[in-house]
Amino acid sequence: MAPSRNMIVATGLVVFASAGLAFPFYMASSKKPVIDPTKPLPPQATFRGPYINTGSRDVGPDHRTYTKK
């Protein structure tokens, strides 16, 4: 490839990487919450819920039984 073509590809990669790194900061600084607290959680979030804190040892397991609604 020509050196000018390499420069275009390198610039594109830098712009793409910069956008990917800036995206979490943009989402964290937005005023609108990502998940609407007035609506129920989507099924994916409720399925993942029990597994998010599996490494925590300060509270222990939950021995209560929950009924389905």
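For the structure itself, consult the block above.
Structural notes, computed from the coordinates. Note that the coordinates shown come from a computational prediction; the quantities given were computed from them, not determined experimentally.

## Considering the overall build of the chain
Along the chain, the regular secondary structure elements total two helices and zero strands. Of all 69 residues assigned to the chain, the portion counted as buried reaches 0%. Summing over all exposed atoms, the chain offers an accessible surface of approximately 7,200 Å²; the carbon and sulfur share of this is 67%.

## Regarding helix H1 (residues 3-29)
When the terminal C-alpha atoms of H1 are compared, their 39 Å separation across 27 residues agrees well with the 39 Å that a helix rising 1.5 Å per residue should span. Ala22 marks the point of greatest bend in H1, at about 35°, and the proline Pro24 comes within the next four residues.

## Some details on a nonpolar patch on the surface
On the surface, a cluster of nonpolar side chains totalling about 640 Å² of accessible area is made up of Phe23, Tyr26, Met27, Val34, Ile35 and Leu41. The topology assignment puts Tyr26 in helix H1.

## A word on the environment of Tyr66
Following the sequence through the fold, Tyr66 ends up in the segment after helix H2 (43-52). At 3.0 Å, the side chain of Tyr66 forms a polar contact with the side chain of Arg64.

Cut-offs applied
Residues numbered from 1 in each chain as written. Predicted model: local features only at pLDDT ≥ 70, side-chain atom pairs only at ≥ 80, totals over all residues. Heavy atoms only, no water. Helix = DSSP H or I, 4+ residues; strand = E, 2+ residues; numbered from the N terminus. Buried < 20%, exposed > 50% of the residue type's maximum accessible area, 1.4 Å probe, protein only. Areas by Shrake-Rupley, 256 points an atom, 1.4 Å probe, with all protein chains shown as cover. Expected span 1.5 Å × (residues − 1). Bend = angle between axes of the 7 residues up to and from the residue. Patch = residues over 30% accessible without salt bridge, like charges linked within 9 Å, V, L, I, M, F, W, Y side chains within 5 Å. Salt bridge = Lys/Arg side-chain N within 4 Å of Asp/Glu carboxyl O. Polar contact = N/O pair within 3.5 Å; in protein donor to acceptor, adjacent residues only side chain to side chain.

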